[in-house]
Amino acid sequence: VEACFAEAGIERITDLQRVPRRDVERMEFISEVILAAVPAAFFYNPTAACLLIFTTLKLATRNGVYEAMGYPLSVASTPFILVRNDYRAGYEYAEYAIQIAANNKRSLGNAKHLFILFCWHWSRPMKDDTALETARDAHHLLMQGGDIQMAGYTYYNTVTYLWERGEPLAAVREEALK
């Protein structure tokens with residue numbers, strides 16, 4: 001990733017906004033295909049998911065960013081956290097992914113889901129209800145976008161947050177039974 005960004009003169013993830021959008025129709029299609037493939041690859045073949053994510057980053061450095069790139073870019077936050085313990089960079093990737101996903105419900109829902117799952121708790125207090133609101137919004141967006149499988153995974157965010165915050169078990173159970 002660093003070599004790819006250095007080659008394109010990108011220092012931070014947000015610098016991708018400076019890259020002019022090229023070949024818009026083709027890139028929108030490719031971005032949607034990658035968006036559809038990443039969740040399955042993430043669970044079935046993580047190596048393939050990594051290749052799809054890196055491909056997204058490479059395409060963004062050459063052709064600009066597109067709304068459907070939000071989810072793959074949000075997944076790109078995890079190596080910074082898991083491998084480098086760089087929570088600030090991970091947070092920036094996840095936050096940027098939400099910004100670019102804009103009106104693409106599947107991309108935005110997935111980006112918000114991963115933001116809460118991987119980044120939120122490192123920078124905000126657990127008792128901040130914004131995490132729950134964001135996770136529930138992710139669920140709603142994914143349902144509207146037809147991504148029922150990923151919508152189900154958002155309950156991992158809400159149930160876990162309620163549990164870890166020490167909410168009454170009745171509230172945790174109610175969330176789990178939704």
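Everything numeric in this text was worked out from a predicted model, so none of it was measured.

(A) Expanded view of the pattern of salt bridges. Applying the stated criterion to the full structure yields 12 salt bridges. The partner of Lys58 in a salt bridge is Glu7, with the nearest N and O atoms 3.8 Å apart. Taken as a pair, Lys58 in helix 3 (residues 46-63) and Glu7 in helix 1 (residues 2-8) lie far apart in primary sequence, 51 residues in all. Exposure remark for Glu7: the relative accessible area of 60% places this residue in the exposed category. Shared partners join several salt bridges into a network, and the residues in it are Lys127, Asp129, Arg165 and Glu167.

(B) Structural view of helix 8 (residues 130-144). With 15 residues, helix 8 extends 21 Å between its outermost C-alpha atoms, agreeing within 8% with the 21 Å of an ideal straight helix rising 1.5 Å per residue. Listed in full, the buried residues belonging to helix 8 are Ala131, Leu132, Thr134, Ala135, Ala138, His139, Leu141 and Leu142. Backbone geometry just after helix 8 places Gly146 at a positive phi near 85°.

(C) How the structure looks around unusual backbone geometry. Phi at Asp23 takes a positive value of approximately 50°, unusual for a residue other than glycine. You can call Asp23 partly exposed: its relative accessible area is 42%. In this structure, Ala102 is a non-glycine residue whose phi angle is positive, near 40°. Within the secondary structure, Ala102 sits in the loop between helix 6 (87-101) and helix 7 (105-123).

(D) Region of the structure containing the packing of aromatic side chains. Enumeration over the complete set of coordinates arrives at five aromatic pairs. The interplanar angle of 25° and the centroid separation of 5.0 Å between the aromatic rings of Phe43 and Tyr153 together place this pair among those described as stacked. Here Tyr153 lies in helix 9 (residues 148-164) and Phe43 lies in helix 2 (residues 24-44), a separation of 110 residues in the sequence. Judged by its relative accessible area of 33%, Tyr153 is partly exposed. Through successive ring pairs, a cluster of aromatic residues spans Phe42, Phe43 and Tyr153.

(E) Summary view of the packing of helix 8 against helix 9. Direction vectors running N to C along helix 8 and helix 9 enclose 165°, while the axes themselves pass 8 Å from each other. In terms of axis orientation, helix 8 runs roughly antiparallel to helix 9. Considering the relative orientation of helix 8 and helix 9, their crossing is left-handed. Contact residues: helix 8 offers Ala131, Leu132, Ala135, Arg136, Ala138, His139, Leu142 and Met143, while helix 9 offers Ile148, Met150, Ala151, Thr154, Tyr155, Asn157, Thr158, Tyr161 and Leu162. For the contact of helix 8 with helix 9, a count of residues per class yields 12 nonpolar, four polar and one charged.

(F) Local environment of the side chain of Glu175. Along the chain, the position of Glu175 falls in helix 10 (residues 169-176). Polar contacts involving the side chain of Glu175 include one to the side chain of Thr158, which spans 2.8 Å. Excluding anything up to four places from it in sequence, Glu175 contacts Arg136, Tyr155, Thr158, Val159 and Leu162.

(G) Spatial organisation of the packing of helix 9 against helix 10. It is the contact of helix 9 with helix 10, at a shortest axis distance of 9 Å, that shows an interaxial angle of 175°. When the axes of helix 9 and helix 10 are compared, the pair comes out roughly antiparallel. Taking contact as the criterion, the partners of Tyr155, Thr158, Val159, Leu162 and Trp163 in helix 9 are, on helix 10, Leu169, Ala171, Val172, Glu175 and Ala176. Residue composition of the contact of helix 9 with helix 10, grouped by class: eight nonpolar, one polar and one charged.

Rules and cut-offs
- For every chain, the first residue of the written sequence is number 1, and numbering continues from 1 onward in sequence order.
- Only residues with pLDDT of 70 or above have their local features reported here, since the model is predicted, and side-chain atom pairs are shown and tallied only from 80 upward, although totals for entire chains, interfaces and linings are computed over all residues.
- Each side-chain value is derived from all of the structure's non-hydrogen atoms; neither hydrogens nor water enter the calculation.
- Whenever a carboxyl oxygen of Asp or Glu lies within 4 Å of a side-chain nitrogen of Lys or Arg, that contact is scored as a salt bridge.
- By the criteria applied, helices consist of DSSP H or I runs no shorter than four residues and strands consist of E runs no shorter than two, each listed in order from the N terminus.
- Exposure is judged per residue with a 1.4 Å probe applied to protein chains only, and the accessible area is read against the type maximum: over 50% gives exposed, under 20% gives buried, and values in between give partly exposed.
- Given the number of residues in a helix, its expected span is that number minus one, multiplied by 1.5 Å.
- Only the six-membered ring of Trp is used, alongside the rings of Phe and Tyr, when aromatic pairs are assigned; centres must lie within 6.5 Å, and planes under 30 degrees apart are stacked while those over 60 apart are edge-to-face, with the rest tilted.
- Only the contacting stretch of a helix is used when fitting its axis, a line to C-alpha atoms as for every element, and angles between N-to-C directions run 0 to 180 degrees.
- Should an angle fall under 35 degrees it is taken as roughly parallel, and over 145 as roughly antiparallel, whereas 65 to 115 is taken as roughly perpendicular and any remaining angle as oblique.
- In a left-handed crossing the near helix is turned counterclockwise from the far helix by less than a right angle, and in a right-handed crossing that turn is clockwise.
- Here, two residues are considered to be in contact whenever any of their heavy atoms come within 4.5 Å of each other.
- Classes in brief: Ala, Val, Leu, Ile, Met, Phe, Trp, Tyr, Cys and Pro nonpolar; Asp, Glu, Lys and Arg charged; the others, Gly included, polar.
- Polar contact is the term for a pair of N or O atoms within 3.5 Å; when the atoms are in protein, one must be able to donate a hydrogen and the other to accept it, and sequence-neighboring residues count only if both atoms are side-chain atoms.

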